[in-house]
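Close look at the chain arrangement
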Amino acid sequence: MQFFQKTIQLPRYGRGFHLITEVVEREFPELRQLKAGLLHVFIQHTSASLAINEDADPTVRQDFESHFNKMVPENAPYYRHNDEGPDDMPAHLKAAILGSSVTIPVTGGRLNMGTWQGIYLCEHRNHVSGRRLVLTAYGSG
Amino acid sequence: MQFFQKTIQLPRYGRGFHLITEVVEREFPELRQLKAGLLHVFIQHTSASLAINEDADPTVRQDFESHFNKMVPENAPYYRHNDEGPDDMPAHLKAAILGSSVTIPVTGGRLNMGTWQGIYLCEHRNHVSGRRLVLTAYGSG
Amino acid sequence: MQFFQKTIQLPRYGRGFHLITEVVEREFPELRQLKAGLLHVFIQHTSASLAINEDADPTVRQDFESHFNKMVPENAPYYRHNDEGPDDMPAHLKAAILGSSVTIPVTGGRLNMGTWQGIYLCEHRNHVSGRRLVLTAYGSG
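1. Some remarks on the overall build of chain A
- Broken down by element type, chain A carries three helices and eight strands.
- Taking 14 Å as the expected radius of gyration for a compact globule of 141 residues, we find that chain A reaches 16 Å, a close match to that expectation.
- Here the C-alpha coordinates of chain A stretch approximately 55 × 30 × 25 Å along the principal axes.
- Within chain A, buried positions represent 65% of all 141 residues.
- Taking the contacts inside chain A whose residues are at least 6 apart along the sequence as the reference set, 82% of them involve residues at least 24 apart.

2. Looking at the packing of aromatic side chains
- Summed over all chains, the structure comprises 24 aromatic pairs over all chains.
- Judged by centre distance (5.3 Å) and plane angle (45°), the rings of F17(A) and F64(A) are tilted. Here F17(A) is found in strand β2 (residues 16–19), whereas its partner F64(A) is found in helix α2 (residues 58–71), with 47 residues between them in sequence. Per residue, the accessibility class of F17(A) equals that of F64(A), and both read buried.
- Consider the rings of F17(B) and F68(B), whose centres lie 5.8 Å apart with planes at 40°: the pair is tilted. Taken together, the positions of F17(B) in strand β2 (residues 16–19) and F68(B) in helix α2 (residues 58–71) put the pair 51 residues apart, joining distant regions of the chain. Like F68(B), F17(B) is buried.
- Feature note: the residues F3(A), Y138(A), F3(B), Y138(B), F3(C) and Y138(C) constitute an aromatic cluster, connected by ring pairs.

3. Remarks on the relation of the copies chain C and chain B
- Placing chain C over chain B gives an RMSD of 0.0 Å and needs a rotation angle of 120°, together with 0.0 Å of translation along the axis. Taken together, the turn and the small shift mark the pair as related by a three-fold rotation axis. The C-alpha atom lying nearest the rotation axis in chain C is that of I97(C); the distance is 3.5 Å.
- Looking at chain C, a mere 14% of its interface residues are interface residues in chain B too, so the copies touch through different faces.

4. Examining the relation of the copies chain C and chain A
- With an RMSD of 0.0 Å, the fit of chain C onto chain A corresponds to turning through 120° and sliding 0.0 Å along the axis.
- Counting the interface residues of chain C, we find that no more than 12% of their copies in chain A are interface residues as well, pointing to two distinct contact surfaces.

5. Examining the sheet that holds strand β3 (residues 36–43) of chain B
All names here are of chain B.
- Spatial ordering of the open sheet is given by β1-β8-β3-β5-β6, a layout of five strands whose pairing is antiparallel. Each end of this open sheet is capped by a strand with a single partner; those strands are β1 (2–9) and β6 (110–111).
- Sheet analysis places β3 next to strand β5 (residues 101–107), joined by seven bridges and oriented antiparallel. Note that in β5 the partner of V41 across the bridge is V102.

6. Side note on the side chain of R131(C)
All names here are of chain C.
- For R131, the location among the structural elements is in the loop between β7 (117–123) and β8 (132–140).
- In this structure the side chain of R131 is engaged in a polar contact, spanning 3.1 Å, whose partner is the side chain of S47.
- In this structure R131 touches I8, Q9, L10, I43, H45, S47, A48, E123 and R125, once residues within four positions along its chain are discounted.

7. Observations concerning a nonpolar patch on the surface
- Together, M1(A), M1(B) and M1(C) make up an exposed nonpolar region whose accessible area comes to about 260 Å².
- Within the element layout of this structure, M1(C) appears in the segment before β1 (2–9).

8. Describing the sheet that holds strand β7 (residues 117–123) of chain B
All names here are of chain B.
- Across the sheet, three strands lie side by side as β2-β7-β4; this open sheet has antiparallel pairing. Strands at the two margins of the open sheet, each flanked by one partner only, are β2 and β4 (48–54). Within this sheet the neighbouring strands show an average axis-to-axis angle of 35°, counted without direction.
- Judged from the seven bridges that link them, β4 and β7 form a sheet pairing that is antiparallel. By the bridge assignment, A51 is partnered in β7 with Y120.
- Its contacts with the sheet place helix α3 (residues 88–98) against β2, β4 and β7, and it is angled at close to 45° to β4.

9. Some thoughts on the interface of chain C and chain A
- Taken together, the contacts link 33 residues of chain C with 27 residues of chain A.
- The interface formed by chain C and chain A contains zero salt bridges.
- Remark: the boundary between chain C and chain A carries 14 residue pairs in polar contact (both at pLDDT 80 or more).
- Broken down by secondary-structure element, the contributors of at least two residues to the side of chain C that touches chain A are β3 (36–43), β4 (48–54), α2 (58–71), α3 (88–98), β5 (101–107) and β8 of chain C.
- Here the side of chain C that touches chain A takes ten residues from α2(C), the largest share from any one element.
- Residue composition of the side of chain C that touches chain A, grouped by class: 16 nonpolar, 13 polar and four charged.

10. Digging into the interface of chain C and chain B
- Listed by partner, the interface residues are 28 residues for chain C and 33 residues for chain B.
- Inspection of the chain C/chain B interface yields zero salt bridges.
- Where chain C meets chain B, there are 14 residue pairs in polar contact (both at pLDDT 80 or more).
- No other element matches α3(C), which puts six residues into the side of chain C that touches chain B.

11. Description of α3(B)
- α3(B) sits mainly inside the fold: eleven of its eleven residues count as buried.
- Those residues of α3(B) not exposed but buried are D88(B), M89(B), P90(B), A91(B), H92(B), L93(B), K94(B), A95(B), A96(B), I97(B) and L98(B).

12. Describing unusual backbone geometry
- The phi torsion at N75(A) lies on the positive side, around 60°, for a residue other than glycine.
- With respect to the helices and strands, N75(A) occurs in the loop between α2 and α3 (88–98).

Basis of the calculations
Residues numbered from 1 in each chain as written. Chains lettered and ligands numbered in written order. Predicted model: local features only at pLDDT ≥ 70, side-chain atom pairs only at ≥ 80, totals over all residues. Heavy atoms only, no water. Helix = DSSP H or I, 4+ residues; strand = E, 2+ residues; numbered from the N terminus. Rg over C-alpha atoms; globule rule 2.2 N^0.38 Å. Buried < 20%, exposed > 50% of the residue type's maximum accessible area, 1.4 Å probe, protein only. Contact = heavy atoms within 4.5 Å. Phe/Tyr/Trp six-rings, centres within 6.5 Å; stacked < 30°, edge-to-face > 60°. Least-squares fit on C-alpha atoms with pLDDT ≥ 70 in both. Pairing = 2+ DSSP bridges. Polar contact = N/O pair within 3.5 Å; in protein donor to acceptor, adjacent residues only side chain to side chain. Patch = residues over 30% accessible without salt bridge, like charges linked within 9 Å, V, L, I, M, F, W, Y side chains within 5 Å. Areas by Shrake-Rupley, 256 points an atom, 1.4 Å probe, with all protein chains shown as cover. Salt bridge = Lys/Arg side-chain N within 4 Å of Asp/Glu carboxyl O. Axes fitted to C-alpha atoms, helices over the stretch in contact; angles between N-to-C directions. Nonpolar A, V, L, I, M, F, W, Y, C, P; charged D, E, K, R; others polar.

Read these as layout, nothing more, since geometry by itself doesn't imply function.
Shown next as structure tokens:
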């Protein structure tokens, strides 16, 4: 049984949905030591989130941004928490709906996702610096 | 510490929400070897998802289908990704909202869910063949 | 590699979103034995859920309650499952959207969340007794 853990800082991404599979794989080469295991990716923020979805057509990620803006609108009349601007409370809600972490099987030293799956960073704020992730991987070596 | 991993193919299910607890337990008898552990179930697709919810009354699962169709409608005017038909982009969004995996405690060789909990396969497309799951279980034996 | 598992009963909370980080830490002191690991928190119910979000301003949690009541309304005309009252089916839907578990890194014997992150119990029913959680923690000691 092996266990690896590491914190990384992502580069700054603008508001929207972004593929970060390659960043995670590059920053965490320890994954290659696992014959069968799991990778847990955790984002240490409450206004950005992580998801797994289609990694090919960029219009999918644009449609994610459009749909989440409709489903969780800015300036809803019932928001009380709006000190940090109209994108603040929607960002918290979107983050909870999508979730703060993803867990992915690792097999033969590689992420064992489906052909079209990738890891999304979901950036819900207009202006932020880079986000921090805690990566944890474990399994049989 | 024990670690098991296996890929299974589900039979074909129609669009909607389906209980798959028994399929998972039957296909992964290694679970019974764990005194205390966790089961991770991962779906290798971006237009179907997994959830845990009520396993008794089938109208709950019908209401899930109705509500998700309302909350994530087909033919929204802002969708750009619609090459594969009106059920395509909503399927990606529903999959991200519900999630690609569930993690469940295992205690005394059995899934340690609440009395009314079961594992749902959430099939968001109209026409697909069977979905692939990667099952990973680990813990003290 | 160490592995700990325990079931706890939460005190009764009213409908809404509640911080339970301190309860979890207090009830599971075994966490302190892990140099690097993960904590999995699982709720054994289908009408309450868990999330990670802002732990400072209480208006954030009030806005969560307002928004989820709008996004998943009571008495939707398409609900068939309503034997247990108007808060029943929305509770199941909210629980699936937010999820039945959270997984959090543990580093140096402490939960390794961001500065503003806390664990939310999301109570979606009007009247319930205390909820049960299964806590599982593992990693290198």
